Structures are given as structure tokens and as C-alpha cells.
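# Reading the structure
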Amino acid sequence: MSSNRPYLLRAIYDWITDNNLTPYILVDASREGVRVPPQVIKNGQVVLNLAMRAVASLDLGNDWISFQARFSGVSHNIHIPVQAVLALYAQENGQGMMFPAEEGGDQPPPSSPDPDDTPPPPEGEAGEKPKRSAPFLRVVK
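Quick caveat, the model's predicted, so the values are computed rather than measured. (Residues numbered from 1 in each chain as written. Predicted model: local features only at pLDDT ≥ 70, side-chain atom pairs only at ≥ 80, totals over all residues. Heavy atoms only, no water.)

Further remarks concern the overall build of the chain. The secondary structure content of the chain amounts to one helix and seven strands. What you see in the chain, going N to C, is helices and strands ordered as α-β-β-β-β-β-β-β. Among the 141 residues that make up the chain, the fraction classed as buried is 30%. Surface summary for the chain: the accessible area is close to 10200 Å², and the carbon and sulfur share equals 53%. (Helix = DSSP H or I, 4+ residues; strand = E, 2+ residues; numbered from the N terminus. Buried < 20%, exposed > 50% of the residue type's maximum accessible area, 1.4 Å probe, protein only. Areas by Shrake-Rupley, 256 points an atom, 1.4 Å probe, with all protein chains shown as cover.)

On to the sheet that holds strand E3 (residues 55-60). A sheet is described by the order of its strands in space; here three strands give the open sequence E3-E4-E5, paired in antiparallel fashion. Two strands bound the open sheet, and with one partner strand each, they are E3 and strand E5 (74-81). Taking the axes of each pair of neighbouring strands and ignoring which way they run, one obtains an average angle of 20° across the sheet. Here E3 pairs with strand E4 (residues 64-71) via four bridges, running antiparallel. Across the sheet, the residue bridging to Ala56 is Gln68, located in E4. (Pairing = 2+ DSSP bridges. Axes fitted to C-alpha atoms, helices over the stretch in contact; angles between N-to-C directions.)

What follows is the structure, given as C-alpha cells:
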């Protein structure tokens with residue numbers, strides 16, 4: 001399956017802007033393909049304002065985020081691989097979503113584990129499937 005990250009980025013971006021808040025992204029500037037002005041990078045990361053009033057030609061694609069923005073009065077073409085995005089959040093209240101930094105961190109685990117890694121079933125329960133609790137959701141603040 002393809003990565004869910006670009007779809008989540010677009011959804012969170014829409015949610016933030018629909019609520020009249022300012023979308024910011026946190027980018028791992030050390031990732032290959034990140035093109036941002038070097039003076040805005042701090043500790044290997046950069047925070048960018050994606051509000052419509054701050055950028056032009058915003059494209060939230062499946063592989064790349066690209067737009068034009070001004071830094072110190074100079075226009076720059078910004079290109080960010082989707083996998084380099086660490087977070088997308090509202091500047092006003094910090095609500096949004098963080099993403100794993102590691103390569104392929106948003107990929108699902110393999111469908112079948114290695115049989116050598118599977119612990120043996122408890123005694124007396126061989127062949128029985130463990131009972132699962134009901135699924136639930138919780139609000140994370």
C-alpha cells in the first residue's frame with residue numbers, strides 16, 4: 001500500500017484552515033531533497049507557515065510539498081519530500097498531528113510475523129485464539 005502520510009497531511013491542513021487557524025509544518029531539513037533557505041534551518045529542522053497569505057502556489061502532492069514563500073523579502077521556491085514532514089499543526093493552539101521521523105515509519109507492520117519470533121501459547125490454551133477487548137478511541141490533547 002502507498003503511504004498514508006500525504007493524505008493525512010492534506011486532511012489536517014484542510015481541518016486547520018477550515019477552522020481559520022494557521023497551519024505550520026515542522027520539517028526534518030537534513031532529509032535528502034529538502035530545499036529551503038539555509039538561514040531558516042535551526043538544529044536540523046525548520047518550521048514553515050503554510051497559510052494562504054504566507055505562500056503562493058501551494059501543492060500538497062503525494063510525494064512532494066512545494067510552494068513559493070518570502071524570507072527576508074526574497075522569494076524562494078520551497079520543495080519538501082512528504083517523508084521529511086515531522087508535524088503539521090495549528091500555530092495558535094498546537095493541535096495537529098506528528099509523524100514518525102524514521103524511514104517508512106508510516107507503513108503498516110508486516111502482515112505475518114516471522115514464526116521464529118512468535119512466543120508459544122500459554123499452557124492449556126494451545127489452538128485457542130486470545131480474546132480481544134472491544135476497540136476504542138480516545139481523545140489526545
